[in-house]
Amino acid sequence: QVQLVESGGGLVQAGGSLRLSCAAPGVTLSWYCMGWFRQAPGKDREFVAGITSSGGRADYSDSVKGRVTISRDNAKNTVYLQMNSLKPEDTAVYYCAASRLGHISRDDSDYAYWGRGTQVTVSS
């Protein structure tokens, strides 16, 4: 069983930055494509960013492109989401997910393993 643990969320003012981390103790994350999703109150969960197992390719939703960078350090078994120029509409619970697919998917049903999420709140 793959257990993912997110960290790094918090309260930040608009325009600020946060870096989220996703770790998987005891699991080799380099086997998986990884994704970050978010869910705001009353809304569906949505894709934010994804990265291939090697880290050679990334994909971003239009709503965060240019403000967010996904990366991974397979030696540290950790995936990151650097978020800059944060907006109040970025407020959500952010989830890390792992997929066995060989490509990045924006569909959350393609991800087999999920963390419990970390809250990001951006104040105006």
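Small disclaimer: the values here were computed from a predicted structure and weren't measured. (Residues numbered from 1 in each chain as written. Predicted model: local features only at pLDDT ≥ 70, side-chain atom pairs only at ≥ 80, totals over all residues. Heavy atoms only, no water.)

Some remarks on the pairing of strand 5 (residues 46-51)
Every other side chain in a regular strand lies on the same face of the sheet, so the side chains alternate between the two faces. Rules: For the exposure calls, accessible area comes from a 1.4 Å probe over protein chains only, and a residue counts as buried if that area is under 20% of its type's maximum, exposed if over 50%, partly exposed in between. Going along the chain from the N terminus, every DSSP run of H or I of four or more residues is numbered as a helix, and every run of E of two or more is numbered as a strand. Here, strands pair whenever DSSP counts at least two bridges between them.
For strand 5, the tally of buried residues reaches five of six residues, placing the bulk of the element in the interior. Pairing analysis gives five bridges linking strand 4 (residues 33-39) to strand 5, with the strands arranged antiparallel. Within the sheet, the bridge partner assigned to Gly35 lies in strand 5 and is Gly50. Hairpin connection of strand 4 to strand 5: six residues between the antiparallel strands, including Gly42 at a positive phi of 80 degrees. Here strand 5 pairs with strand 6 (residues 58-60) via three bridges, running antiparallel. By the bridge assignment for strand 6, Ile51 is matched with Ala58. In this structure, the hairpin formed by strand 5 and strand 6 is closed by a connection of six residues, where Gly55 is found at a positive phi of approximately 85 degrees.

Regarding the pairing of strand 8 (residues 78-83)
In terms of burial, strand 8 is a largely internal element, five of the six residues being buried. Pairing analysis gives six bridges linking strand 3 (residues 18-23) to strand 8, with the strands arranged antiparallel. In the sheet register, Leu20 faces strand 8, and the bridge partner there is Leu81. Two strands pair when backbone bridges link them, and strand 7 (residues 68-73) and strand 8 are joined in this way by six bridges, in the antiparallel orientation. Paired with Thr69 across the strands is Gln82, a residue of strand 8. The hairpin formed by strand 7 and strand 8 contains four residues between the paired strands, and Asn77 there has a positive phi angle of roughly 55 degrees.

Topic: the packing of aromatic side chains
Note the threshold: Ring geometry is summarised as follows: Phe, Tyr and Trp rings, the Trp one being its six-membered ring, pair when their centres sit within 6.5 Å, and such pairs are stacked at plane angles under 30 degrees, edge-to-face over 60 and tilted between the two. Look at NZ for Lys and CZ for Arg. If either is within 6 Å of the ring centre and within 35 degrees of the ring normal, a charge sits over the ring.
What the rule picks out here adds up to six aromatic pairs. With 5.0 Å between their ring centres and 80 degrees between their planes, Phe37 and Tyr111 make a pair best called edge-to-face. Taken together, the residues Phe37 in strand 4 and Tyr111 in the loop between strand 9 (92-99) and strand 10 (113-114) connect sequence positions 74 residues apart. Phe37 gets classed as buried once you look at its relative accessible area, which sits at 1%. Taking the relative accessible area as the measure of exposure, Tyr111 reaches 5% and is therefore buried. A centroid spacing of 6.5 Å and a plane angle of 75 degrees characterise the contact between Tyr95 and Trp114, whose relative ring orientation is edge-to-face. Taken together, the residues Tyr95 in strand 9 and Trp114 in strand 10 connect sequence positions 19 residues apart. A cation over a ring is seen here: Arg45 above Tyr95, with NZ or CZ 5.9 Å from the ring centre. The ring of Trp114 has Arg45 lying over it, and the distance from NZ or CZ to the ring centre is 3.8 Å.

Some details on the state of the cysteines
Filter applied, for reference: By disulfide we mean two sulfur atoms from cysteines, separated by a distance within 2.5 Å.
Tallying each qualifying case throughout the model produces one disulfide. Between the sulfur atoms of Cys22 and its disulfide mate Cys96 the distance is 2.0 Å. Looking along the S-S bond of the Cys22-Cys96 disulfide, the torsion reads about -75 degrees, which is the left-handed sense. Of this pair, Cys22 sits in strand 3 while Cys96 sits in strand 9; the two residues are 74 residues apart in sequence, bridging distant segments of the chain. Taking relative accessible area as the criterion, Cys22 reaches 0% and is therefore assigned buried. Residue Cys96 is classed as buried on the basis of its relative accessible area, which comes to 1%. Take Cys33: it sits in no disulfide, and the sulfur closest to it among the cysteines is that of Cys96, at 12 Å.

Scope: geometric values only; no functional claims are made or implied.
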